[in-house]
Amino acid sequence: MIMPDRNYHESSRAHVTGAALYADDISNIGNLLHGCVQASTLARGTLCALNLERVRQSPGVVAVLTAADVPGVNDLSHLPDGGGEPLFIEKEIVSEGQAVFAVIADSLDNARQAAKLAVVEVEPSSAVITINQAIDADSKIAPSRKIKVGDSTRAIDNSAFQINGSLYTGGQEHFYLEGQISIAIPKESGAMTVIASTQHPSEIQSTLALLLGVSSNSVTVQTRRIGGGFGGKESQGSLCAGVAAIAAQLTSQPVKVRLDRDQDMIMTGKRHDFRIDYKAGFDNDGLIRGVSLDYASRCGHSLDQSKAVNDRALLHADNAYYLENATLTSHRYHTNTTSNTAFRGFGAPQGMLGIERVIEEIAFTLQQDPLDIRLANLYRTPNRSVTPYGQEFDSKVLVRIIGELTEHSEYRSRRKKIRRFNQGSPVIKKGIALTPVKFGISFTAIHLNQAGALLHIYRDGSVQLNHAGVEMGQGLHTKILRIVQDILTIERSDIRIMATNTEKIPNTSPTAASAATDLNGMAAASAATVLHDRLIKVASHRLDLPEAELSLSDGFLHTGDKPIMSFNELVNEAYLQRVSLFATGFYRTPDINFDPDSFTGSPFYYYANGAAVSEVEVDLLTGEHKVNRVDILHEVGQSLNEEIDKGQIEGGFIQGMGWLTMEELVWNDQGVLQTHSPSTYKIPTCRERPSIVNIDLLRDAPNQVESIYRSKAVGEPPLMLSISVLHALSDAISSVANYRICPQLNVPATPEHILESVQRVEKLGLASV
Amino acid sequence: MSLTHEIKFTLNGSPVSLTIPLTMSVLTMLRDLLNLTGTKYGCGEGECGACTILIDGVSVNACLKFAVDCDGRTLTTVEGLVADSRNDPLRTAFAEKGGVQCGFCTPGMVMQARHILDNYPRANESQIKRGIEGNLCRCTGYKKIIETIASVGELDNKG
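Residues numbered from 1 in each chain as written. Chains lettered and ligands numbered in written order. Predicted model: local features only at pLDDT ≥ 70, side-chain atom pairs only at ≥ 80, totals over all residues. Heavy atoms only, no water.

> Can you walk me through the nonpolar core in this structure?
Within soluble globular proteins, side chains that are nonpolar generally end up buried alongside one another. In this structure, A:Val291, A:Leu293, A:Leu353, A:Val358, A:Leu455, A:Leu465 and A:Phe653 are the most contacted members of the largest nonpolar core, which totals 146 residues. Considering each element in turn, this core owes the most residues, 13 residues, to helix 15 (residues 516–543) of chain A. With residues near it in sequence (within four places) discarded, A:Phe653 still touches A:Ala612, A:Ser614, A:Val630, A:Ile632, A:Pro718, A:Leu719, A:Leu721, A:Ser722, A:Ser724 and A:Val725. Listed in part, the 48 residues of the second largest apolar core include A:Val16, A:Ala43, A:Tyr681 and B:Ala93. (Core = buried A, V, L, I, M, F, W, Y, C linked by side-chain atoms within 4.5 Å. Buried < 20%, exposed > 50% of the residue type's maximum accessible area, 1.4 Å probe, protein only. Helix = DSSP H or I, 4+ residues; strand = E, 2+ residues; numbered from the N terminus. Contact = heavy atoms within 4.5 Å.)

> Whenever I open this one, the domain arrangement of chain A confuses me. Can you help?
Residue and element names in this part refer to chain A. Along its sequence, chain A is organised into domain 1 (12–126 + 174–267), domain 2 (273–444 + 596–767) and domain 3 (450–588). Once you take the C-alpha centre of each, domain 2 and domain 3 turn out to be 40 Å apart. At the interface, 20 residues of domain 2 touch 21 residues of domain 3. Per-residue buried area on domain 2 facing domain 3 is highest for Phe443, Leu640 and Ile708; these three make up 41% of the total on that side. Between Lys479 and Asp645 there is a salt bridge; the shortest N-O distance is 2.7 Å. On the surface where domain 2 and domain 3 come into contact, there are five residue pairs in polar contact (both at pLDDT 80 or more). Elements represented by at least two residues in the side of domain 2 that touches domain 3 include exactly strand 16 (428–441) and helix 17 (642–661). Take the side of domain 2 that touches domain 3: its biggest share by element is three residues, from helix 17. Of the residues that constitute the side of domain 2 that touches domain 3, the class distribution is 12 nonpolar, five polar and three charged. (Domains from an automatic or database assignment. Buried area = accessible area lost by both parts, 1.4 Å probe. Salt bridge = Lys/Arg side-chain N within 4 Å of Asp/Glu carboxyl O. Polar contact = N/O pair within 3.5 Å; in protein donor to acceptor, adjacent residues only side chain to side chain. Nonpolar A, V, L, I, M, F, W, Y, C, P; charged D, E, K, R; others polar.)

> Looking at this structure, how should I read unusual backbone geometry?
Residues and elements named next belong to chain A. Each neighbour pair has its own omega, and for Thr381 with Pro382 the value is 5°, a cis peptide bond. Relative to the elements of secondary structure, Pro382 occurs in the loop between helix 11 (370–377) and helix 12 (396–408). Residue Pro748 is bonded to the preceding Val747 through a cis peptide linkage, with omega at 0°. Even without glycine at this site, Asp554 takes up a positive phi of about 50°. Within the secondary structure, Asp554 is located in the loop between strand 21 (550–553) and strand 22 (556–559).

Have a look at this one:
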C-alpha cells in the first residue's frame, strides 16, 4: 500500500531560492548566439521581395536565415500528410505572426536592432479572419466529422417544444509564464543537442531531424522543467527549436531563441474559438428527445492538432447527458490567423458548452431549475448509458458527486435566497449554477497511449530515474518519484529525477491529455518492480532463503519483520553477483479502441468526473461581475498526492474561469492581433479569485480500472468545472426579466457581453409581457 | 554605439561596481551580467511580476527599471534573501504548502511576499491580495499562494 502523503513538489526548495533552472537560465554555454525571429505583420498576401543586406551588415550579426537556409524540409507540421506549416514563409503569407526571417547575433539586442533594418515587400490579398467569414467562404481545412445516433430531425420535430440558437466561444492565450524558448548546441559529427521548453521532446526531435535533413539519432532534446505549458508547448516549441538548430548548424555555435512575450502571443497558436449552432426538441419532462449540435471552429492557417482537438470536442458534445437522438457535427475552418492548437481540455470545454446551453434553454422554457433538467438528462445505467460514439459510461460516481455537492453546497436553499435577494436589489443581481463534468481519459490517437521509463541504481544505492513525461508544474515528477519510492522503499532524497531526454527514452508521447501520470507512472512502476524483483532474487541466492520470505521495506531487506541488510548493501551485493542494476519499463493503455472514420469505439480508458456550484453577482450598470463562492467536488480516484490534485483543480478552475469570463482575443479586420501583451490581454489575477473556494476530493472512490494505484488523471477535467460560472452569470442576468428569457450569453462573458445580454433579456422580457 | 555608465550598488549584501549601457534594464543586468537567473523574464513590460526584486527594500519590476538607477542603492534578489528567522519560514511555507506549481512566478512571488510582510507583518487576506495583484500565476489559482503568505504572517503573530 502506498505510503502516507507528505511529499511536496520535488523542486520547490530550488524554486523558492531561484536555483531551479529553466532553459533561459542555463548560462554556462560558451559563444552563445541569440536569435530574433521577424514575423509577418500581414495576415494574407505574397512575399514579393526580401532585402536583408542592411540586416547582415548590422553590428554583431552572425547569420540571417530565410526559407532558403533550411537544409532539410521547411515544414513544422509534423503530420504524415504534410500540414503545410513552413518554418519560414517561402512566398505565400497565410497568417500574421508567420516567420519571415531570423537574425542571429552576438546579443539579443543586436539581433533585434538588425531585424528592423529589413526591407520586406508584400502584396496583400483578402484574408479570412473570423469564423463567420470562414463559414461564408466555406474554407474547410479538414473534412467535417459527424456522429449520428437515432433520428434527431424527426425526434426534434415530434417534440412538444423546440429551441434553437447559436453560441460563440472565444479562444484563449496560454500565457505560460515562461515563454517559448530553445537553445541548440552543436555537437561532433553533425549531432545537435537542444534544450527546449516543450511538452513534447520527441516531436521537437523528429521535426528538427526533418528541418536539418538528418536522422533522428543525430538530435537529442532535453527538458528538465518548463514554466507552464497548458497545451501551448505541445507542438508550438518547434519554431524556436527549429530556428535555433538551423542557426547552430550553420554557425557551429550554440544559439538561443527566446520569443518576446508579445511575439509569443502573436506567433503561437491558442485555444480554438467556436461557433456552436444548436437545435433541440423536448417534452414537458425536460428530457432531450432530439438534439443537433453544429460545431464550427477556427483552426487558423495550418492543421496543427486541429483534427484531434475537434474530435475531442465532438466526443464531449454529450458532456454528462444521454442523447438518444443526436446529430453532432464538427466543421474545421481554415482562417488567416495563428494556427490554433492544444489547450487544456483540448476541445472538450467547447464541446460541453453546447449541450449545457441546450439544458439551460430547456430550463427557461419549462421554468424549471436547470439542475433538475441536468439530473433528468444525466446518463443512467442500464438504459441510458451509451455515449453517442458507443462507449459505455457508468454514471454512478457522477450521480453521487452531484448528489453530495447539491447537499453540502446547499444549492437548493441558496438558489431560493438568491431569488429573494434579487427581488430587492435593482442593480446587483446574483446567480447560481451547478454544472457537471465527465471527461474521457486517454489520447484518442490510440498509438500515443504508451510510455517508457529507465531506472538506474548505482553501487551506493542511489537511483536515477528517467521517464517520458515533462514536468510543467502539474507535479508529475513528484508523483512518479513517490511511486518508485514506494516500490523500492527508499527515501525520496535517494532518487534523482533526471531531465526528460530523448537520449534516455525514445519515441515519447506528448505530456498531454491529462495522462502523463497514468502512462509514465505505470512505466516507472514497471521498471522499479523489475529491479525490486531482481534484488529479492539476489538476496534469496545469497541468503539461501525462498524469495517469498524476503521483502523490502523502509530501505531494508527483511525476512518477516527482521531487517537483514540495507538497500545499499543489497544493491552492492547484486553488483558483485553481476546482476544488472538498470531496467526499462514500458506501458501501453489496455482496452481502448477508436475508429476515427466511423467515429465509434471506446477511446477512453476511463472517465474523470466532477461538479461545481458557482455563485456570482453582476452589476447591471457596468456589466462587471464577481464570483462570490465556488464549491467543487471532484474525483481523482485514490489520490497519489492530495495537495497536488487540489492544486490542479483550483488552478484549472481559475484558468477555465479566465477563458469564460475575461480573457478576450481581439483581431482587427486585417487579421492583426490587438491583444498581444498582458497589458491588453487579461488573465485572472488574485483579485478575480472567488472569495470562497471549497474544494473536496471524492472520498472512497478508487478508479474502477487498473490505473496507477487506482488514481485518476486530474490535469484537464477541472478546467471545465468553471462552466458553472458562465451559467451562474446567465442565471443572474435572466433575473432582469423574471427568469423567463435565456440570456444566450457568449464567451468570454466580459462586461460588454454581459451588458449586451442584459439588454437583450430586458428587451425580450418587455416584448413578452 | 551605446553610451555606458559606471554604477556602484549593494547587491545581496555585497558591493558591486559595473559599467553598463544606459539602456540596460535591471533585469538584463541581473540575468546576463551578474548571472543571477532566479529573477525571471516573464513579459518585459511590468505586467507579470516574475522579475520582482527589492530595491532599498521596496518591491520593483526589474524589467521596468534602468540599471543606471541602481547607483548607490541596495538590491535584493531571490538568491540574496538571507537565511534567517524572517525568510526561512517564508521559503519553507512556499516550498511545502503547494504555492509552487511550475515555479516560474515563484521567485517574484517570494520577493513580493517579503515586501508585503515587511510592511504588514500580520498581513490579512485583503492586504495580501492587494500586494500580489501585480504578480501573475497561471498555475495555482492563487489560493495556496495567499494561504502561504498568510500562514507566515500568522507565524509572525505567534513569534
